[in-house]
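For reference, the chains in residue letters:
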Amino acid sequence: MATVAATSRARCLLPFRRRAPRPPLPFPSPIARAATHRRGVRMASSEASASAPLSTTIEVPGAAAPVVVVGAPGLPEADFRNAVDCSLFKQWLSNLQSEKGVLTYGRLNLTRILIQGVDMFGKRVGFLKFKADIIDEETKTKVPGIVFARGPAVAVLILLESNGQTYAVLTEQVRVPIGKFVLELPAGMLDDEKGDFVGTAVREVEEETGIKLNLEDMVDLTALLNPATGGRILPSPGGCDEEIGLFLYRGRVDDATIRSLQGKETGLRDHGELIKLRVVPYSQLWRSTADAKALCAIALYEMAKREGLLLPSSPPSANL
């Protein structure tokens, strides 16, 4: 939000000049025409003068009327357009219309969306913050609707056997939002729109730990959930759209490997990743971290074993 504030202050220093509105195009641009047919949402860009707020309208199936989307004061126009066109925003709109979606409930209605902030990861939107006005038509009250959209992610429970003992591999890294270093499972965001959870899991493990995993050795623990859940965990659905796929990897190593992993510095340093590996006995994992991903993975793993969903097998030698 510091960028938004800085932009707003910079604009206040400029002399005010009203620009004449641009004449309307004789026909919609190819981009506008394409946008009208994606995910059942039709967009119509508003005529905006220099002093008018950024805005557009979209038609969302299930909404009582076209939904107004506006940009917060000071939000750059490029950020606003990127937000409305990004996969995070489109997926949220799609969720509203899904089987258990907000707009299928019958009494809830979406009327307005305020785009508040955008963080770009290169050329794509990485984080998006907006506020949705969802109205209970029976009581005419608003449902809490502040959204931090960051999209899907993965995490991997790595269990290594060595001389009859099972160890879990954790990463220790700084997490600025809570102001602390945290022990957690190796994890990462999906950085494309293909939804390749297992491929991302393998890549993130190699980046954060140096352990090279084979796709066929990965077990999707969240896929064992009831299909009605979507096969993913939702760590904070009251404010964030993040859904996480949890995977299991079991391997076999010698004692020297366990010692070499302990305290090893890893991560993409040029991306600001300051990571150290911590290896703990699996029996102590549940008491060693407050990471929700790790605790959920333990629960899924143990319940799957109890239900006979994970057959005992000799783990392969880990490729380090």
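Residues numbered from 1 in each chain as written. Predicted model: local features only at pLDDT ≥ 70, side-chain atom pairs only at ≥ 80, totals over all residues. Heavy atoms only, no water.

The protein chain carries the name Nudix hydrolase domain-containing protein in an unreviewed UniProt entry, which gives Urochloa decumbens as its organism. Turning to the protein chain, the UniProt annotation filed under Cofactor (unreviewed entry) states: "Mg(2+)". (UniProt positions renumbered as here; feature names shortened; annotations may be inferred.)

**Here we look at the pattern of salt bridges**
What the rule picks out here adds up to 12 salt bridges. Ionic pairing is found between Lys140 and Glu137, a salt bridge with its closest N-O pair at 2.7 Å. Measuring nitrogen to oxygen at the nearest pair gives 2.8 Å for the salt bridge that ties Glu184 to Arg175. On the basis of relative accessible area, Glu184 is assigned to the buried category, the value being 4%. (Salt bridge = Lys/Arg side-chain N within 4 Å of Asp/Glu carboxyl O. Buried < 20%, exposed > 50% of the residue type's maximum accessible area, 1.4 Å probe, protein only.)

**As for unusual backbone geometry**
Across residues other than glycine, the phi torsion is negative in most instances, and most of the peptide bonds are trans. Although it is not a glycine, Lys140 sits at a positive phi angle of roughly 60°. Structurally, the position occupied by Lys140 is in the loop between strand S5 (124-136) and strand S6 (141-143). Despite not being glycine, Asn163 has its phi angle at roughly 50°, a positive value. Relative to the elements of secondary structure, Asn163 occurs in the loop between strand S8 (153-162) and strand S9 (165-175). Its relative accessible area of 69% is what places Asn163 among the exposed residues. (Helix = DSSP H or I, 4+ residues; strand = E, 2+ residues; numbered from the N terminus.)

**Observations regarding a nonpolar patch on the surface**
A surface patch of nonpolar side chains, about 310 Å² in accessible area, is lined by Val174, Val176 and Phe181. Of note, Val176 is situated in the loop between S9 and strand S10 (180-184). (Patch = residues over 30% accessible without salt bridge, like charges linked within 9 Å, V, L, I, M, F, W, Y side chains within 5 Å. Areas by Shrake-Rupley, 256 points an atom, 1.4 Å probe, with all protein chains shown as cover.)

**Looking at helix H5 (residues 197-209)**
Relative to the 18 Å expected for 13 residues at 1.5 Å per residue, H5 spans 18 Å between its end C-alpha atoms, a close match to the ideal helical length. Listed as buried for H5 are Phe197, Gly199, Thr200, Ala201, Val202, Glu204, Val205, Glu208 and Thr209. The distance from a side-chain oxygen at the start of H5 to the backbone nitrogen of Gly199 is 3.0 Å, and the residue carrying that oxygen is Asp196. Backbone geometry just after H5 places Gly210 at a positive phi near 85°. (Expected span 1.5 Å × (residues − 1). Polar contact = N/O pair within 3.5 Å; in protein donor to acceptor, adjacent residues only side chain to side chain.)

**Some remarks on the environment of Leu300**
By the secondary structure assignment, Leu300 is in helix H8 (residues 292-306). A relative accessible area of 18% places Leu300 in the buried class. With 75 residues separating them in the primary sequence, Leu300 and Leu225 have C-alpha atoms 8.6 Å apart. If we ignore the near neighbours within four places in the chain, the residues touching Leu300 are Leu221, Thr222, Leu225 and Leu246. (Contact = heavy atoms within 4.5 Å.)

**Focus on the packing of aromatic side chains**
This model, assessed by the stated rule, comprises 6 aromatic pairs. On the basis of an interplanar angle of 25° and a centroid distance of 6.3 Å, the ring pair of Phe89 and Trp92 is categorised as stacked. Here Phe89 pairs with Trp92, and both are found in helix H4 (residues 87-96), just 3 residues apart, close to one helical turn. In this structure, Phe89 and Trp92 share a single accessibility class: buried. In this structure an aromatic cluster arises from ring pairing among Phe89, Trp92 and Phe130. Looking at Arg232, its charged tip hangs above the ring of Phe197, at a distance of 3.7 Å from the centre. (Phe/Tyr/Trp six-rings, centres within 6.5 Å; stacked < 30°, edge-to-face > 60°. Lys NZ or Arg CZ within 6 Å of the ring centre and 35° of its normal.)

**Things to note about the pairing of strand S7 (residues 146-149)**
Residues Val147 and Ala149 point to one face of S7 and are all buried, whereas Ile146 and Phe148, pointing to the other face, are not buried. Both S5 and S7 contribute to a ladder of 4 bridges, which runs antiparallel. Residue pairing in the sheet places Lys131 in a bridge with Ile146 of S7. (Pairing = 2+ DSSP bridges.)

**A short note on H4**
Because each turn of an α-helix spans 3.6 residues, side chains separated by three or four positions in sequence point in the same direction. Three or more residues of H4 are buried, namely Leu88, Phe89, Lys90, Trp92, Leu93 and Leu96. Contacts from the buried residues of H4 go to strand S2 (55-59), strand S3 (67-71), helix H3 (77-85), strand S4 (108-121), S5 and S7.

**Some thoughts on the environment of Gln116**
Structurally, Gln116 can be placed in strand S4. Residue Gln116 is classed as buried on the basis of its relative accessible area, which comes to 16%. Placed 12 residues apart in sequence, Gln116 and Leu128 show a C-alpha to C-alpha distance of 7.9 Å. Polar side-chain contacts of Gln116 include one of 2.6 Å to the side chain of Lys129.

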